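Observations on chain architecture
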Amino acid sequence: MTGYQPHPWHLVEPSPWPLVGGSAAFTLTVGLVMWFHYNSISLMILGLVMIVATMIQWWRDVIREATFQGCHTSYVLSGLRRGMVLFIVSEVFFFLAFFWAFFHSSLAPTVELGVTWPPVGVHPLNAFAVPLLNTAVLLSSGVTVTWAHHALMEGKRTEAIQSLAITVMLGLYFTGLQAWEYYEAPFTIADSVYGSTFFVATGFHGLHVIIGSTFLMVCLGRQVFYHYTSSHHFGFEAAAWYWHFVDVVWLFLYVCIYWWGS
Amino acid sequence: MFYKFNNISGRIGAASQQAAFRPEGILPLTQAEAPPLIFGSPVKPAGEEAVAPRGKPAMVRNKVPEMQQVMQRPGNLLFVKRGGLDAVLYRGTMGLVVVGVAYACFGLFQAMMPKKSED
């Protein structure tokens, strides 16, 4: 990116990562089939290692292009913003499907469920115990991530690191509480459509919390290593958008599935 | 306040935020170094001590300028730009790709031809 460039776009260099990522996805898929059919996990583990290697190296290259080569001009950033918005919209519809399944099953419970919701024999979790604490934890993390953003915009390096670290810790605390709640739950994923909708919806949300926490941890590392400036920190903004999205999904899960559904 | 280098006057002047962060369209500079700035009193350049509170030395050194030089050097493709470790990681990953895809194809081939049971 040295020298004069008569246009604002980023023309990417040849990269092996799309091919490597595709091969990793293929290996992981066949690995899952091998696990399901032959109870052998070696190919699945290999596929997972390949996926992780792709993620690390591909995103490392994106950081190189952004922070070290200066390829992310305002035009490029505009494309990245739109891409992230579309990605989050697709995630909204992903969760919409699970809420659809939940309401489909709970608004008109079938005879097999005892024509009641929660179904006969299923004892749901108390919405005003750990789930309420989880709500408070996630809402607080939404506050601290906004604090981090303002600290970043005002060039307050130490404050940004501290607030981002608190956000990550709150995310990990949430994951720990959810894991404990799953362990303690008196029903399983196999306990009628209640268990299925509950664990699929909250489980995918938990997966998204883990992904969001990882994203924020990467942002924390980049902030420690001076990658962000007060005006150029889209990686952090994307993580914050994603975190708010995860937060909002939790509010819907809490109100619909934990509270109304019990 | 945002600043931008003015090609015509050769000075740094006020600019809008948008203009300050749009490097595209700037013509190549004729002079390699910025004109000397004149201050009323000696000015200490902002170093790392400026970002660490109360004059304590920064715990982490800012390596971004060095990395910018390394990554903007012409030569290798981006994914092996840093040399040694990059090349090892890249070759290791490509090795995994060959092994993984071959193993997956072999597994699929095996699954396509189930053995007939004896009974």
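Attention in this report is confined to the structure presented alongside it. What you see is a predicted model; the values in this text were computed from it and never measured.

1. Some thoughts on the packing of helix α4 (residues 130-153) of chain A against helix α5 (residues 157-184) of chain A
All names here are of chain A. The interhelical angle for the contact between α4 and α5, taken along N-to-C directions, is 160°, at an axis separation of 8 Å. On the basis of the axis angle, α4 is roughly antiparallel to α5. The handedness of the crossing between α4 and α5 comes out as left-handed. Here the residues of the contact of α4 with α5 sort into 17 nonpolar, seven polar and two charged.

2. Points about unusual backbone geometry
Residues and elements named next belong to chain A. Cis geometry marks the peptide bond from W117 to P118, where omega comes out at -5°. Inspection of the secondary structure assignment puts P118 in the loop between α3 (74-107) and α4. A positive phi angle, near 50°, is found at V115, a position not held by glycine. Even without glycine at this site, S192 takes up a positive phi of about 60°.

3. Some details on the interface of chain A and chain B
Counting residues at the interface gives 40 residues for chain A, matched by 38 residues for chain B. Across the chain A/chain B interface, buried area totals approximately 3,600 Å², and carbon plus sulfur atoms make up 69% of it. Of all residues in chain A, R64, F68 and Y226 of chain A bury the most surface against chain B, accounting for 19% of the area lost on that side. In this structure, the connection of chain A to chain B is made through two salt bridges. The tally of links from chain A across to chain B stands at 11 residue pairs in polar contact (both at pLDDT 80 or more). Residue assignment for the side of chain A that touches chain B shows that the elements contributing at least two residues are α1 (17-38), α2 (42-68), α3 and α5 of chain A. A total of 13 residues in the side of chain A that touches chain B trace back to one element, the largest contributor, which is α2 of chain A. Grouping the amino acids of the side of chain A that touches chain B by side-chain chemistry returns 20 nonpolar, 14 polar and six charged.

4. Structural notes on the packing of aromatic side chains
Residue and element names in this part refer to chain A. Under the defined criterion, the tally for this structure stands at 33 aromatic pairs over all chains. Consider the rings of Y182 and F199, whose centres lie 5.0 Å apart with planes at 80°: the pair is edge-to-face. Of this pair, Y182 sits in helix α5 while F199 sits in helix α6 (residues 192-224), placing them 17 residues apart in sequence. Residue classification places F199 among the buried positions, given a relative accessible area of 13%. Taking the ring centre of Y226 as reference, the NZ or CZ of R157 above it sits at 3.8 Å.

Thresholds, definitions, all that
- Residues numbered from 1 in each chain as written.
- Chains lettered and ligands numbered in written order.
- Predicted model: local features only at pLDDT ≥ 70, side-chain atom pairs only at ≥ 80, totals over all residues.
- Heavy atoms only, no water.
- Axes fitted to C-alpha atoms, helices over the stretch in contact; angles between N-to-C directions.
- Helix = DSSP H or I, 4+ residues; strand = E, 2+ residues; numbered from the N terminus.
- Parallel < 35°, antiparallel > 145°, perpendicular 65-115°, else oblique.
- Left-handed = near helix turned anticlockwise from the far one by under 90°.
- Nonpolar A, V, L, I, M, F, W, Y, C, P; charged D, E, K, R; others polar.
- Contact = heavy atoms within 4.5 Å.
- Buried area = accessible area lost by both parts, 1.4 Å probe.
- Salt bridge = Lys/Arg side-chain N within 4 Å of Asp/Glu carboxyl O.
- Polar contact = N/O pair within 3.5 Å; in protein donor to acceptor, adjacent residues only side chain to side chain.
- Phe/Tyr/Trp six-rings, centres within 6.5 Å; stacked < 30°, edge-to-face > 60°.
- Buried < 20%, exposed > 50% of the residue type's maximum accessible area, 1.4 Å probe, protein only.
- Lys NZ or Arg CZ within 6 Å of the ring centre and 35° of its normal.

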